Amino acid sequence: MATASSSVFIYKGVDKKGAKVQGEMSGASTALVKTQLRKQGIITRSVRKKPKSLFGGGGKPITPMDISIFTRQMATMMKAGVPLVQSFEIVAEGVDNPNLRDLIMGIHSEVASGTSFALALSSKPQYFDELFCNLVESGEQSGALETMLDRVATYKEKTEALKAKIKKAMNYPIAVLCIALVVTGILLVKVVPQFASTFSSFGAELPAFTLFYLGISDFVIEWWLIILLGIGISVASLKEAIKRSPAFADQMDAVLLKLPVVGDIIYHSVLARFSRTLATTFSAGVPLIDALESVAGAAGNAVYKKAILSVRDEVATGIALNASLRKTGVFPSMLLQMTAIGEESGALDEMLDKVAGFYEDAVDNMVDGMTALLEPIIMSILGVVIGSLMIAMYLPIFQLGAVV
């Protein structure tokens, strides 16, 4: 996919051997595309902008997992001795998503025209963050790009796996609760009114329990549109407030850490992300202060971002990393001890890598445990809500039978 300032062009021409070639290339204009092709030894016969689909069907969006797979494939190609430019072509050929293929070929075109790999990636910040670009740049400067790509691929795979576990932990209870709300709403709107019309012919006083649910049913039927709009506006307002107000977003991050069960999962995932990112950047030869800067941006939680930036400032004054981490009061003793051992032995990246693995396993176990715990709890809640509603509807019938 081209960036916002560039388009995809279809070209036809001949190469240095006189063979006919054709393909696609991203560029800001026709002239720039022709220039890039000329540098590659291709004499163009025609260059035209690729028409957009009539129905806007440009393929699937590019996901972080797509970027992770692309990175792993590039690392594999380069470790096998395939040149960088040719690696792009091989990887692009095996991609089904046209958007991802265009993105890869756009990077290929920039690198083929003399742009560094890291600079080509930095022109697409929506897919490659600053940490990713910095690690690739470090690999290019050290002459070990294939090794660095392997580390970046491992980092992306671990990070995306961790995100998937968190989503798994959140999505299950949310999905079940949404289904419960829908079922309850249908019962209140469609089923309860049928019982109400039956009860009106009894001519007897209804139980308070039944009147309670009849009242809820009448309220939902009369105000259902307002209720749905209120829920939608509340959710949209919350998202907008988090997006527009950094202070509110920071408060939400702090609140999430204090939630039961979910807070523990977020806490361990932040520690895993901190350890994994710092281990990757430090092993790449990035200076510790710069590495902490990158780690703060990748922390994923405002409380820990603030703490890591404080650690960076103290490390810059000469204080040891483990002592700086300890002063924040938000890192566990196990991480602190492993960091101290790593600093003393000169194997900080290895120690942090082990810590990251420990917390990633902890998140995995906690997600499984939470799912197993929530399943009977949610089922019990559903049983109570729907069961009590059914009891309320049948209670007058039971009482009528007792009188007869």
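Residues numbered from 1 in each chain as written. Predicted model: local features only at pLDDT ≥ 70, side-chain atom pairs only at ≥ 80, totals over all residues. Heavy atoms only, no water.

## With respect to the overall build of the chain
A tally of regular secondary structure across the chain gives 15 helices and 3 strands. Expressed along its principal axes, the backbone C-alpha trace of the chain runs to roughly 100 × 60 × 35 Å. Expressed as a percentage of contacts within the chain between residues at least 6 apart in sequence, the contacts between residues at least 24 apart total 60%. In the form shown here, the chain has an accessible surface area of approximately 22000 Å², with 62% of it arising from carbon and sulfur atoms. The average position of the 37 basic charges and that of the 37 acidic charges among the side chains of the chain differ by 10 Å. (Helix = DSSP H or I, 4+ residues; strand = E, 2+ residues; numbered from the N terminus. Contact = heavy atoms within 4.5 Å. Areas by Shrake-Rupley, 256 points an atom, 1.4 Å probe, with all protein chains shown as cover. Lys, Arg positive; Asp, Glu negative; His and termini not counted. Charge placed at Lys NZ, Arg CZ, Asp CG, Glu CD.)

## What about the nonpolar core?
In this structure, Phe88, Ile107, Phe117, Phe128, Leu278, Leu321 and Phe331 are the most contacted members of the largest nonpolar core, which totals 77 residues. Ranked by the residues each element gives to this core, the list is headed by helix H15 (residues 348–403), at 11 residues. When residues no more than four places from it in sequence are discounted, the contact partners of leucine 278 are Leu288, Ala291, Leu292, Val295, Leu321 and Leu352. (Core = buried A, V, L, I, M, F, W, Y, C linked by side-chain atoms within 4.5 Å. Buried < 20%, exposed > 50% of the residue type's maximum accessible area, 1.4 Å probe, protein only.)

## So, the pattern of salt bridges
Tallied over the entire structure, the rule returns 10 salt bridges. As a salt-bridge pair, lysine 124 and glutamate 110 come within 2.8 Å of each other at their nearest N and O atoms. Placement of lysine 124 in the loop between helix H5 (117–122) and helix H6 (130–142) and of glutamate 110 in helix H4 (residues 98–112) is noted, with a sequence separation of 14 residues between them. Here lysine 124 falls in the buried class, since its relative accessible area comes to 4%. Between glutamate 293 and arginine 312 there is a salt bridge; the shortest N-O distance is 2.2 Å. In this pair, glutamate 293 sits in helix H11 (residues 288–298) while arginine 312 sits in helix H12 (residues 302–316), placing the two residues 19 residues apart along the sequence. Look at the salt bridges and you will find they share partners, linking Arg72, Asp150 and Glu157 into a network. (Salt bridge = Lys/Arg side-chain N within 4 Å of Asp/Glu carboxyl O.)

## Quick look at H12
Spanning 15 residues, H12 covers 21 Å between terminal C-alpha atoms, matching the ideal 21 Å at 1.5 Å per step. Along H12, the positions that sit buried rather than exposed are Ala302, Tyr304, Ala307, Ile308, Val311, Arg312, Glu314 and Val315. Those residues of H12 hidden inside the fold are in contact with helix H9 (246–258), helix H10 (262–283), H11 and helix H13 (321–328). The distance from a side-chain oxygen at the start of H12 to the backbone nitrogen of valine 303 is 3.0 Å, and the residue carrying that oxygen is asparagine 301. Once H12 ends, the next one or two residues include glycine 318, with phi positive near 105°. (Expected span 1.5 Å × (residues − 1). Polar contact = N/O pair within 3.5 Å; in protein donor to acceptor, adjacent residues only side chain to side chain.)

## Comments concerning the environment of leucine 119
One can find leucine 119 in helix H5. For the pair leucine 119 and valine 189, spaced 70 residues apart in the sequence, the C-alpha separation amounts to 59 Å.

## Some thoughts on the packing of aromatic side chains
Within the structure shown, the criterion is met by 9 aromatic pairs. Look at phenylalanine 274 and phenylalanine 331: their rings are 5.0 Å apart centre to centre, the planes differ by 45°, and that puts the pair in the tilted class. Residue phenylalanine 274 is found in helix H10, and its partner phenylalanine 331 is found in the loop between H13 and helix H14 (333–345); the two are separated by 57 residues along the sequence. Across the pair, exposure class does not vary: phenylalanine 274 and phenylalanine 331 are buried alike. With 5.1 Å between their ring centres and 75° between their planes, phenylalanine 358 and tyrosine 359 make a pair best called edge-to-face. The class for phenylalanine 358 is partly exposed, based on a relative accessible area of 46%. Accessibility expressed as a relative area gives 3% for tyrosine 359, which makes it buried. Taken together, the ring pairs connect Tyr267, Phe274, Tyr304 and Phe331 into an aromatic cluster. (Phe/Tyr/Trp six-rings, centres within 6.5 Å; stacked < 30°, edge-to-face > 60°.)

## Here's the deal with the packing of helix H7 (residues 145–199) against helix H8 (residues 208–244)
Pairs of packed helices are described in terms of their axes, by the angle between the two and the distance that separates them. With their axes 9 Å apart at the nearest point, H7 and H8 run at an angle of 125° to one another. One finds that H7 runs oblique with respect to H8. Considering the relative orientation of H7 and H8, their crossing is left-handed. For the pair H7 and H8, the contacting residues are Leu188, Val189, Val192, Pro193, Ala196 and Phe199 in the first and Thr210, Tyr213, Leu214, Ile216, Ser217, Val220 and Ile221 in the second. Along the lines of polarity and charge, the residues of the contact of H7 with H8 split into 11 nonpolar, 2 polar and no charged. (Axes fitted to C-alpha atoms, helices over the stretch in contact; angles between N-to-C directions. Parallel < 35°, antiparallel > 145°, perpendicular 65-115°, else oblique. Left-handed = near helix turned anticlockwise from the far one by under 90°. Nonpolar A, V, L, I, M, F, W, Y, C, P; charged D, E, K, R; others polar.)

## Side note on the environment of isoleucine 227
Secondary-structure assignment places isoleucine 227 in helix H8. When its relative accessible area of 31% is taken as the criterion, isoleucine 227 is described as partly exposed. Sequence spacing of isoleucine 227 and aspartate 129 is 98 residues, and the spatial spacing of their C-alpha atoms is 40 Å.

## Re a nonpolar patch on the surface
A surface patch of nonpolar side chains, about 1100 Å² in accessible area, is lined by Phe219, Trp223, Trp224, Leu225, Ile226, Ile227, Leu228, Leu229, Ile231, Ile233 and Val235. Residue position: tryptophan 223 is located in helix H8. Its relative accessible area of 39% is what places tryptophan 223 among the partly exposed residues. (Patch = residues over 30% accessible without salt bridge, like charges linked within 9 Å, V, L, I, M, F, W, Y side chains within 5 Å.)

## Digging into the packing of H9 against H12
One can describe the packing of H9 onto H12 by two numbers: an axis separation of 7 Å at closest approach and a directional angle of 105°. It follows that H9 is roughly perpendicular to H12 by the angle criterion. Each of Asp250, Asp253, Ala254 and Leu257 in H9 lies in contact with H12, whose residues at this interface are Ala302, Val303 and Tyr304. Residues belonging to the contact of H9 with H12 are distributed by class as follows: 5 nonpolar, no polar and 2 charged.

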